[in-house]
Amino acid sequence: MITERPLWQRWMWFLIGVAMGALGIAVVTKSALGTTPISALPLVFSYRFAPTFGVFTFVMNMAFILVQAAIYRKEWRAFQWLQILINFLFSAFIDLWMVALTRLEPEHLAWRCVLLALGCVILGLGISIQVAPGILTVPGEGIVKAVGWRTKIRFGTVKIVFDTTLVVLAGVSSLVFFGHLAGIGVGTVVSMFAVGLVVNWCNGHIGWLKTLGA
């Protein structure tokens, strides 16, 4: 019999998942093969303008939160405004990890591929830990759920369109700013699929994840 976890423990694990997710994004980015789809747009803007990768991530996620509120209208719950706090922590973690990994500059393709794979594993595990406690929806997932709820389109389908749109916008912005693609590459495509596979594997094979929301 599984004993119900105290709320503080569920929040603790949720925040650990948020920190791990940010670390995974930073590691994928440092592979220099292309960042994750949801991070592509803020990364490109951080290359062009003064604010950091984390700051632009915060701004983008704030837009996602406001769009969610507009979509749900009367169905929007005040508790979901806590996404703003999570957004702040997540964005701060991204900048923290990017600074911590400053000296990580792999030159050889093999090491870049290792970093890409490691980042996808860390990000996938982080997402699984975020979701398991059933605490809160992070902005990037929340907007996908909101659009799916409004349009009655399956979550997976909306997620694919959503990620693809962000990558396209990042690509166009990169071409306008620099005349070539920056921050987007084969790693972006790989992470788009690999992270989901890692999440599915974690949810199916790591039994203790199921106890985090109990």
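Quick note: structure is the one above.
Residues numbered from 1 in each chain as written. Predicted model: local features only at pLDDT ≥ 70, side-chain atom pairs only at ≥ 80, totals over all residues. Heavy atoms only, no water.

S.K.: I keep staring at the overall build of the protein chain and nothing clicks. Help me out?
M.R.: The number of helices and strands found in the protein chain is 8 helices and 0 strands. In terms of overall size, the protein chain behaves like a compact globule, its C-alpha atoms giving a radius of gyration of 17 Å where 214 residues would be expected to give roughly 17 Å. Reported as C-alpha extents along the three principal axes, the dimensions of the protein chain are approximately 55 × 35 × 30 Å. Here the protein chain holds 214 residues, and 46% of them are scored as buried. Across the protein chain, contacts joining residues at least 24 apart in sequence account for 78% of those joining residues at least 6 apart. (Helix = DSSP H or I, 4+ residues; strand = E, 2+ residues; numbered from the N terminus. Rg over C-alpha atoms; globule rule 2.2 N^0.38 Å. Buried < 20%, exposed > 50% of the residue type's maximum accessible area, 1.4 Å probe, protein only. Contact = heavy atoms within 4.5 Å.)

S.K.: Just to check I follow, could you spell out the pattern of salt bridges for this structure?
M.R.: Side chains bearing opposite charge may pair, as long as their charged atoms lie close to each other. On inspection of all chains with the given rule, the structure shows 4 salt bridges. The partner of Lys159 in a salt bridge is Asp163, and the shortest N-O contact between them spans 3.4 Å. Here Lys159 and its partner Asp163 are both found in helix H7 (residues 155–178), 4 residues apart, which amounts to about one turn of the helix. Take Asp163: its relative accessible area is 7%, and that puts it in the buried class. (Salt bridge = Lys/Arg side-chain N within 4 Å of Asp/Glu carboxyl O.)

S.K.: How should the packing of helix H2 (residues 37–48) against H7 be read in this particular structure?
M.R.: When two helices pack together, their arrangement is given by the angle between the helix axes and by the axis-to-axis distance. H7 packs onto H2 with a crossing angle of 20 degrees between their chain directions and a minimal axis gap of 7 Å. Compared by their axis directions, H2 and H7 come out roughly parallel. In terms of crossing hand, the pair formed by H2 and H7 is left-handed. Facing Pro37, Ile38, Ala40, Leu41, Val44, Phe45, Tyr47 and Arg48 of H2, the residues of H7 in contact are Phe162, Asp163, Leu166, Val167, Leu169, Ala170, Ser173, Ser174, Phe177 and Phe178. (Axes fitted to C-alpha atoms, helices over the stretch in contact; angles between N-to-C directions. Parallel < 35°, antiparallel > 145°, perpendicular 65-115°, else oblique. Left-handed = near helix turned anticlockwise from the far one by under 90°.)

S.K.: Honestly, the layout of surface pockets in this entry has me stumped. Any pointers?
M.R.: Gaps left between atoms show up when a probe the size of a water molecule is rolled over them. Put simply, the largest pocket is a space of about 950 Å³. Taken together, 33 residues form the lining of the largest pocket, with Ile127, Lys159, Asp163, Val195 and Val199 sitting closest to its centre. Taken together, the elements giving at least two residues each to the lining of the largest pocket come down to helix H1 (7–30), H2, helix H3 (53–72), helix H4 (83–100), helix H5 (109–131), helix H6 (139–151), H7 and helix H8 (186–205). The element contributing the most residues to the lining of the largest pocket is H8, with 8 residues. Considering only residue class, the lining of the largest pocket consists of 19 nonpolar, 11 polar and 3 charged. (1 Å grid on protein atoms, 1.4 Å probe; cavity = no way out; pocket = protein on both sides within 12 Å on 5 of 7 lines; lining within 4 Å. Points joined across faces, edges and corners; volume = space filled by probe spheres on them. Nonpolar A, V, L, I, M, F, W, Y, C, P; charged D, E, K, R; others polar.)

S.K.: Is there a simple way to explain the side chain of Ser128 in this structure?
M.R.: Here Ser128 is to be found in helix H5. On the basis of relative accessibility, which here comes to 2%, the residue Ser128 falls in the buried class.

S.K.: For this particular structure, what's the right way to read the environment of Gly134?
M.R.: Within the secondary structure, Gly134 sits in the loop between H5 and H6. Under the relative-accessibility criterion, Gly134 is labelled exposed at 53%. When the C-alpha atoms of Gly134 and Gly213 are compared, they prove to be 5.7 Å apart, with 79 residues separating the residues in sequence.

S.K.: Just checking my understanding: could you explain the side chain of Thr57 for this structure?
M.R.: Tracing the backbone through its elements, the reader meets Thr57 in helix H3. Within the structure, Thr57 has its side chain in polar contact with the backbone oxygen of Phe53 (distance 2.8 Å). Contact partners of Thr57, with chain neighbours within four places excluded, come to Pro42, Asn87, Phe90, Ser91 and Ile94. (Polar contact = N/O pair within 3.5 Å; in protein donor to acceptor, adjacent residues only side chain to side chain.)

By themselves, these observations are geometric and do not establish any function.
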